[in-house]
Amino acid sequence: MASSAIVTNCHAFAPNLTPEAFCCHSSFVNCVHRAQGEFGMSAIGSLRVVSEARPCDEDGLRALFLRQPGETAEPGAALFFEGDPACHVFHLISGNVRVCRFLPDGHRFIIGFLCAGDLVGLSFRSRYMFGAEAIDRVAFRRMNKRLFEEELQLAPEHRSQMLSHLRDEITASQDHMLLLSQKNAEERVCTFLLDRLDRTGTPGIVSLPMIRSDIADYLGMTIETVSRTLTKLVLKGIILPAEKHHFRVVSRSALARHANEANENDDHKGEAQRLLR
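All residue numbers here refer to positions counted from 1 along the written sequence of the relevant chain. Given that the model is predicted, a residue must reach a pLDDT of at least 70 before its local features are reported, and side-chain atom pairs must reach 80 or more before they are shown or counted; all residues, however, enter totals for whole chains, interfaces and linings. As a rule here, side-chain values come from all non-hydrogen atoms in the structure, and water together with hydrogens is ignored.

Quick look at the nonpolar core now. It is characteristic of soluble globular proteins that their nonpolar side chains tend to be buried jointly. Grouped together as the largest cluster of nonpolar side chains are 30 residues, with contacts concentrated most on F192, L193, L208, L219 and I239. Listed by contribution, the elements that provide at least two residues to this core are β6 (108-115), α5 (185-199), α6 (212-219), α7 (223-235), β12 (246-249) and α8 (252-258). Where helices and strands are cited, they refer to DSSP runs of H or I of at least four residues and of E of at least two residues respectively, numbered from the N terminus. The dominant element in this core, judged by the number of residues it contributes, is α5, at six residues. In this structure L193 touches V206, L208, L230, L233, I239 and L255, once residues within four positions along its chain are discounted. We define a nonpolar core as any set of buried Ala, Val, Leu, Ile, Met, Phe, Trp, Tyr and Cys residues linked to one another through side-chain atoms lying within 4.5 Å. Type-normalised accessible area, obtained with a 1.4 Å probe on protein chains alone, sets the label of each residue: buried when under 20%, exposed when over 50%, and partly exposed for intermediate values. Listed in part, the 22 residues of the second largest apolar core include L79, V120, F130 and A134. Contacts were defined at the residue level, with two residues in contact if any of their heavy atoms lie within 4.5 Å.

Bringing unusual backbone geometry into the picture now. Look at H245: it is not a glycine, yet its phi comes out positive at around 65°. Within the secondary structure, H245 sits in the loop between β11 (239-241) and β12. Even without being glycine, N260 reaches a positive phi, approximately 60°. Structurally, the position occupied by N260 is in the loop between α8 and α9 (269-276). Relative accessible area serves as the criterion here: at 49%, N260 is assigned to the partly exposed category.

Moving on, we get to the sheet that holds strand β3 (residues 78-80). Taken together, four strands build an open sheet; the order of strands is β3-β8-β5-β6 and the sheet is antiparallel. Among the strands making up the open sheet, the edge pair consists of β3 and β6. Across the sheet, the mean angle separating the axes of adjacent strands is 30° when strand polarity is ignored. One ladder, built from seven bridges, connects strand β5 (residues 96-102) with β6; its direction is antiparallel. By the convention used here, strands pair only if DSSP detects at least 2 bridges between them. The axes are straight lines fitted to the C-alpha atoms, using for helices just the contacting stretch, and the angles between their N-to-C directions are given from 0 to 180°.

Okay, the packing of α6 against α7 next. Following both chains from N to C, one finds α6 and α7 inclined at 100°, their axes separated by 8 Å at the closest point. Taken as axis vectors, α6 and α7 run roughly perpendicular relative to one another. When α6 is examined against α7, the residues R212, S213, I215 and A216 are found in contact with a partner set consisting of I223, V226, S227 and L230. All residues other than Ala, Val, Leu, Ile, Met, Phe, Trp, Tyr, Cys, Pro, Asp, Glu, Lys and Arg, Gly among them, are scored as polar; the first ten of these are nonpolar and the last four charged. Taken together, the residues that form the contact of α6 with α7 break down as five nonpolar, two polar and one charged. An angle below 35 degrees is treated as roughly parallel, one above 145 as roughly antiparallel, one from 65 to 115 as roughly perpendicular, and anything else as oblique.

This part covers the packing of α5 against α7. Interhelical geometry of α5 versus α7 gives an angle of 75° and a closest axis separation of 10 Å. On the basis of the axis angle, α5 is roughly perpendicular to α7. Contacts from A185, E186, V189, C190 and L193 in α5 reach T225, T229, L230, K232 and L233 in α7.

With six of seven residues buried, β5 lies mostly within the body of the structure. In this structure, the hairpin formed by β5 and β6 is closed by a connection of five residues, where G106 is found at a positive phi of approximately 95°.

This brings us to the packing of aromatic side chains. Pairs of aromatic rings are described using the distance from one ring centre to the other and the angle between the two planes. Only Phe, Tyr and Trp rings are paired, with Trp represented by its six-membered ring, and only when their centres lie within 6.5 Å; those with planes under 30 degrees apart are stacked, over 60 edge-to-face, the remainder tilted. Following the criterion strictly, the structure yields five aromatic pairs and no others. Through a chain of ring-to-ring contacts, three or more aromatic side chains come together here, namely F113, F192 and Y218.

Let us look at the pattern of salt bridges. Side chains bearing opposite charge may pair, as long as their charged atoms lie close to each other. Take a side-chain nitrogen of Lys or Arg and a carboxyl oxygen of Asp or Glu: if they are within 4 Å of each other, that pair is a salt bridge. Using the criterion set out here, one finds 13 salt bridges in the structure. The partner of E74 in a salt bridge is R137, with the nearest N and O atoms 3.1 Å apart. Of the two residues, E74 sits in the loop between β2 (70-73) and β3 while R137 sits in the loop between β8 (131-134) and β9 (138-144), which places them 63 residues apart along the sequence. Residue class for R137 comes out partly exposed when judged on its relative accessible area of 42%. Several salt bridges share partner residues, and in doing so they unite R98, R108, E133, D214 and D217 into one network.

Take the environment of G117 next. Tracing the chain through its elements places G117 in the loop between β6 and β7 (119-120). Look at G117 and you get buried, because its relative accessible area is 11%.

Structure, rendered in structure tokens:
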């Protein structure tokens, strides 16, 4: 699909986006490579190399990073800045990252949240489009972009995997535009919780390592509305507080109904749909 066609389709998909939000999303989709989680060279000072990182058992593209040294970034450290030279591609081993862009008025717009297993930095431009920060302690491996491209040329199966990765990112950006343009506050929070539920390793548990302001900037809401909506869901018995930064989902189907996810009629259908994507 041509870049112009992607942007046109996204505008038709989410006609109620504000001009500022659409501008940010248009840039996000127009660059098929997605600069989510790309690490810029000017942020090197906030990172330190460690002798050994957690073993990576990922297949495909992620296996290319096994020979690279492990590095870490501490909570709150700027991993990269918008406009930094796009010199590397990264594989996150552990921890969580927020990917964001600042609008001309200074407002922060969070594009998404990255976690262990994500492959980020697949930029075909000379500079990164977005900035990112460590939410907690992040471990990762980096590979020189030119070396990564050479590896892709040597292995056709890796090229197809990369295209699949980019397709998933386009789908995620379209889903985010739908979230912002068509859903009310409760539906946005419930949709966000469903997405986090699918990314959490423990069944029935939602992990929210980010602070409330991060969630608010991602959902286009105020911090107060996010907190009030979570409290309402607890009072309704749909979710319950668990350990720190975690909620237990009492009923996925109820959460899906409140998210206005018409295609999720039971506690298992959502997982099946994502596997078929």
